[in-house]
Amino acid sequence: MVSPRTWRRGRRRLQTPRNALMLCLFALMLLTPVAANASVASQADAQRDLMAQATEVPVNGVEEPVAEPTEEPFVDPTEEPAVEPTEEPFVDPTEEPEGEQLGAIEIEYRECAPGYDVPGTDPETALMECDRVDDVLFEITASDGVPSSQLTGEFGDSHVSFTEVPTGATDIRQIDAPGDVYVTCNGIVQNGGPETGEMPLTVNANDTSVQWSLLDEEVAFCNWFAVPEGGEQVGAVEIEYRECAEGYVFLDGTDEDLLDQMLMACAQDDGVEFTIDQGGPEGDSQETGEFGDSHISFTEVPTGLRTVTQSIPFDDTYVVCNGIVQNGGPETGVMEVPVTNGVIEWDLLDEEVAFCNWFVAGAPGLLSATEMPTGEQVGSINVDYWECPAAYDLAAADPTALETDCTATANGVPFQISNAGGVIETQETGDINDGVVAFAEVPTGITTISQVNAPAVPRVSCEGIVSNG
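Right, let's walk through the structure included here. (Residues numbered from 1 in each chain as written. Predicted model: local features only at pLDDT ≥ 70, side-chain atom pairs only at ≥ 80, totals over all residues. Heavy atoms only, no water.)

1. Regarding the packing of aromatic side chains
Here is step 1: The final tally for this structure, using the stated rule, is eight aromatic pairs.
Here is step 2: Measuring from ring centre to ring centre gives 5.7 Å for Tyr241 and Phe274, while their planes differ by 70°; the resulting arrangement is edge-to-face. With Tyr241 in strand β10 (residues 234-244) and Phe274 in strand β11 (residues 273-277), this pair connects stretches of sequence that are 33 residues apart. This pair shows no difference in class: Tyr241 is buried, exactly as Phe274 is.
Here is step 3: When the ring of Phe274 is compared with that of Trp358, the centres are 4.9 Å apart and the planes differ by 80°; the resulting orientation is edge-to-face. You can see Phe274 sitting in strand β11 and its partner Trp358 sitting in strand β18 (residues 352-361), a full 84 residues away along the chain. Side by side, Phe274 and Trp358 carry an identical accessibility label, which is buried.
Here is step 4: Here the aromatic residues Tyr248, Phe250, Tyr318 and Phe359 are joined through ring pairs into a cluster of three or more. (Phe/Tyr/Trp six-rings, centres within 6.5 Å; stacked < 30°, edge-to-face > 60°. Helix = DSSP H or I, 4+ residues; strand = E, 2+ residues; numbered from the N terminus. Buried < 20%, exposed > 50% of the residue type's maximum accessible area, 1.4 Å probe, protein only.)

See the structure below:
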């Protein structure tokens, strides 16, 4: 047991720190200024609380540690708070961005004449030959099942433009198409992507629709042709008829100048019958002269392969034709048409007119090439023929230089004359002298002189001298 003395000593030792704390608190109260607006009662209450804490007996004789005040960090009110930089997420440049993938469909629309052969015509040609039409309704159904419609003309003449179309299988159709439909498309992915090239699409005959599998950023450029159903398709055949003397050598009728020479050299004749088939058991017959001198005009002829027949054929027959489709359509150009026993064939197109020149040689009543009329005034024609080097400028050459620059010894070159009486005579250079033809006993009047199948446009100069002064 601890003696009272000892306990008192121990108690005094324990009180010593407490007494020191009370002195410090008392000094602190003397030194600390009191706020002007604090009441005396509040100050007294505060002092009593501090003294009570100082005299408080510790539990089990152990003094509780006094917590040191924590100092708040100084913050400058003018200083902006520091912001930690946020790191951007890494994006792989080869990775496709996520989001809706879209494309576009552009349609150029044309309506062609009934019977127009769209598959057999280049698309660029068909775009020029067929008509633009506005207010034609088109509808697409995208891969998401959402339909969209548009009229031609809203975004350009005879044009529709569907943009921001979801990728995938897309149905495209024309509402109330007037007839058969033909479609070609070219798909081009933008920014250097792949291209399909111009390709025909299969048209669903039930609803005149096509389908296109649209890629991301692809534009499908389509040409859409409609061929309306129409009535009977017809054309016409016009024939200019000429009868030439027996032995006449036909010139190249595809050359316009030579064709004119034959039309002048050979005679017109009326009352000559021709027949054209109409695609049925009976044909249409007509005689020259009914619609103009020495002329035949078959109109409203059904299109297709037609035959034209001269009722009384000639062994020596020559025909050239030029087919022209009206209203700016195609033209065949002048071409020789084969003749078999007085019959030719022509594949007639809708609205086409076949203009033909029909020549026969040895018609009755015409003088032969060797027969001369009696008591007629005559003259002669001599031709000296020269051949010049290739690319020689005949028009600019001095006439006095031609004899030295060009060659006069070319033989076997055919020439032909046709006089006003219809007499034809042919001769070749070299028959009489080298490089010369000499036509004698030629009836007076307008006479045509021609080189048969001349290789180029000639330069001709003539001098007429009447004999006997």
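Further notes follow.
2. Considerations on the pairing of strand β12 (residues 283-287)
Here is step 1: Two elements, β11 and β12, share five bridges in a ladder whose sense is antiparallel. The residue of β12 that forms the bridge with Phe274 is Gln286. (Pairing = 2+ DSSP bridges.)

3. A short note on the state of the cysteines
Here is step 1: The full count for this structure, using the stated rule, is five disulfides.
Here is step 2: At a sulfur-sulfur separation of 1.9 Å, the disulfide partner of Cys244 is Cys266. Taking the sign of the S-S torsion, 100° for the link of Cys244 and Cys266, the bridge is right-handed. Of this pair, Cys244 sits in strand β10 while Cys266 sits in the loop between α4 (256-265) and β11; the two residues are 22 residues apart in sequence, bridging distant segments of the chain. (Disulfide = S-S within 2.5 Å.)

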